[in-house]
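# Examination of the molecular architecture
Listed below, chain by chain, are the residues.
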Amino acid sequence: MDSAVIHDTDFAASALEGLQSSPKWLDSKWLYDAQGSAIFEQITQLPEYYPTRTETRILKEQISALTDVLEPGTVLVELGSGASVKTRILLDAADKLKAYVPVDISADFLEETAEGLRDAYPETPIRPVVGDFTQDITLPAALDAEPKTAFFPGSTIGNLPHDTAAAMLDRLRHWPSIEALILGLDLVKDTTTLVAAYDDAAGVTADFNLNLLRRMNREIGADFDLSAFRHEARWNAELSRIEMHLVSQRSQTVTVAGQPIRFAEGESIHTENSRKYTREAFAAIADRGGWEIADFLTDTGQLFAVAVLRPKRA
Ligand SMILES: C[S@@+](CC[C@H](N)C(=O)[O-])C[C@H]1O[C@@H](n2cnc3c(N)ncnc32)[C@H](O)[C@@H]1O
């Protein structure tokens, strides 16, 4: 497996930077260790979590709109591939792909997923790359000259600040032989539906969020008492985003990587943003990153969209 090594020291430094800030925050990429990735897969099955089933339906029902960006000989590169479940719709529809390159920060989960794909698609070379898509990603050099389509589903772009998203799209546009990008984005809708999707009745999203504290306890010598924090999902209308927070239930001091971190009662750690877009707002970010929308596929309820993007001509 190709990999950019992600060290515990990166996690500790990033966690301390966020926890010593005011307000406190943690980078959402750390939500995805092997346990976090497995819990996220449970989230995708929840009745409240409309994004996965809606995006899946769009891909299945409108797959014919994607066949010209999946022609024989194409390398399909997926960013934040997770369990690569939706990818199977593309792999089933494509004929003779040159390779499939799943890229994810969650190394163990990525390797396990790649093994399953090798069994299911023996004709397609599966070349996983461990990496952080907000930084440069090194794709296998042997594939440089091959035409590439990138796939970025799950509205994972919504976890990134607009500047980071535009910079990432710009880097992607400069990949060798990149021809298209298929990107899933979540659309603005009523607040009740949005908040429920990130605060389900069964408490799975709460467990996903709290796993970040468990991960710090496991990996960077923290001593969080999980029962002293509560998951909260908030709609921030001004910034058009759902925010996930972990709210301290009492005044307390926690040790993280050897440093004392003080919490007031009710103080929160902001752990994730999930931006919700209008077509116009998304088009503006794509434009900043050097892409234009060639196709914009949606469901009848206008809950979610799959955009097909092409590099802008000079
Ligand atoms: C919202 S999940 C989406 C998973 C899957 N693509 C889907 O649509 O169901 C986000 C995925 O991106 C990965 N991820 C998050 N931040 C990342 C980063 N900075 N670099 C690489 N992968 C990242 C996570 O490990 C996770 O698999």
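What you see is a predicted model; the values in this text were computed from it and never measured.

## So, the overall build of the protein chain
A count of helices and strands for the protein chain gives nine helices and 14 strands. Here the protein chain has a C-alpha radius of gyration of 19 Å; the compact-globule value for 314 residues is 20 Å, and the two agree. Considering the protein chain as a whole, with its 314 residues, one finds that 40% of them fall into the buried category. Counted over contacts in the protein chain with a minimum sequence separation of 6, partners at least 24 positions apart contribute 72%.

## Considering the site of the ligand
In the vicinity of the ligand there are 19 residues, among which Lys-29, Tyr-32, Gly-80, Gly-82 and Gly-154 approach most closely. Partitioning the shell around the ligand into residue classes produces five nonpolar, ten polar and four charged.

## Let's talk about the packing of helix H2 (residues 34–43) against helix H8 (residues 204–219)
At a minimum axis separation of 9 Å, H2 and H8 run at an interaxial angle of 165°. Between H2 and H8, the angle is such that the two are roughly antiparallel. When you trace H2 past H8, the crossing you get is left-handed. Taking contact as the criterion, the partners of Gln-35, Gly-36, Ile-39, Phe-40, Gln-42 and Ile-43 in H2 are, on H8, Val-204, Thr-205, Asp-207, Phe-208 and Asn-211. A breakdown of the residues in the contact of H2 with H8 according to their chemical character gives five nonpolar, five polar and one charged.

## Brief notes about helix H6 (residues 162–173)
Its twelve residues place the ends of H6 16 Å apart at the C-alpha level, agreeing with the 16 Å of an ideal helix rising 1.5 Å per residue. Every buried residue of H6 is accounted for by Ala-165, Met-168, Leu-169 and Leu-172. Buried residues of H6, seen end-on, are gathered within an arc of 100° and therefore sit on one face of the element. The secondary structure elements touched by the buried residues of H6 are strand S6 (148–152), strand S7 (178–186), helix H9 (279–288) and strand S13 (291–298).

## Considerations on the nonpolar core
Soluble globular proteins: nonpolar side chains tend toward being buried together. If you look at the biggest cluster of nonpolar residues, it comprises 51 residues, and the most contacted ones within it are Leu-76, Leu-181, Ile-182, Leu-183 and Leu-185. Excluding residues that lie within four positions of it along the chain, Leu-76 makes contacts with Leu-70, Leu-90, Leu-97, Tyr-100, Thr-149 and Phe-151. Ranked by size, the runner-up nonpolar core spans 24 residues in total, among them Ala-15, Ile-39, Ile-105 and Leu-246.

## Let's talk about the pairing of S7
Successive side chains on a regular strand alternate, one facing one side of the sheet and the next facing the other. Counting buried residues along S7, seven of its nine residues qualify, which places the element largely inside the surrounding structure. Judged from the five bridges that link them, S6 and S7 form a sheet pairing that is parallel. Along S7, the bridge assignment pairs Phe-152 with Leu-183. Taken together, S6, H6 and S7 constitute a β-α-β crossover, and its handedness is right-handed. As paired strands, S7 and strand S14 (residues 304–311) are joined by six bridges and run antiparallel to one another. By the bridge assignment for S14, Ile-182 is matched with Val-308.

## Quick word on the pairing of strand S12 (residues 268–275)
Counting buried positions along S12 yields six of eight residues, so the element is predominantly enclosed. Both strand S9 (residues 241–248) and S12 contribute to a ladder of seven bridges, which runs antiparallel. Paired with Met-244 across the strands is Glu-272, a residue of S12.

## Side note on the sheet that holds strand S8 (residues 229–236)
Spatial strand order, S2-S12-S9-S8: four strands in an open sheet with mixed pairing. Since the sheet does not close on itself, it has two edges, and those belong to strand S2 (24–25) and S8, each with one partner. The sheet contact formed by S2 and S12 spans two bridges and is parallel. Paired with Lys-24 across the strands is Ile-269, a residue of S12. Strands in contact with H8 are S8, S9 and S12; relative to S8, the strand with the most contacts, it is inclined by about 115°.

## So, H8
Counted at 1.5 Å a residue, the expected span for H8 with its 16 residues is 22 Å, and the 22 Å between its end C-alpha atoms agrees. Burial in H8 covers these residues: Thr-205, Ala-206, Phe-208, Asn-209, Leu-210, Asn-211, Leu-212, Leu-213, Arg-215 and Met-216. The first or second residue beyond H8 is Gly-221, which carries a positive phi of 65°.

## Some words on unusual backbone geometry
At the junction of Ser-22 and Pro-23, the peptide bond is cis and its omega measures out at -5° in the coordinates. Positionally, Pro-23 belongs in the loop between helix H1 (8–19) and S2. Here Ser-84, not a glycine, exhibits a phi torsion of approximately 50°, which is positive. Residue placement: Ser-84 occurs in the loop between strand S3 (75–79) and helix H4 (87–93). Unusually for a residue other than glycine, Ala-257 sits at a positive phi of about 50°.

Each value, and the rule that gives it
- Residues numbered from 1 in each chain as written.
- Predicted model: local features only at pLDDT ≥ 70, side-chain atom pairs only at ≥ 80, totals over all residues.
- Helix = DSSP H or I, 4+ residues; strand = E, 2+ residues; numbered from the N terminus.
- Rg over C-alpha atoms; globule rule 2.2 N^0.38 Å.
- Buried ≥ 20, exposed ≤ 12 C-beta atoms within 10 Å, placed from the backbone.
- Contact = placed C-beta atoms within 7 Å.
- Near = placed C-beta within 6 Å.
- Nonpolar A, V, L, I, M, F, W, Y, C, P; charged D, E, K, R; others polar.
- Axes fitted to C-alpha atoms, helices over the stretch in contact; angles between N-to-C directions.
- Parallel < 35°, antiparallel > 145°, perpendicular 65-115°, else oblique.
- Left-handed = near helix turned anticlockwise from the far one by under 90°.
- Expected span 1.5 Å × (residues − 1).
- Arc of directions from axis to C-beta.
- Core = buried A, V, L, I, M, F, W, Y, C linked by C-beta atoms within 7 Å.
- Pairing = 2+ DSSP bridges.
- Right-handed = clockwise from strand over helix to strand, strands pointing away.

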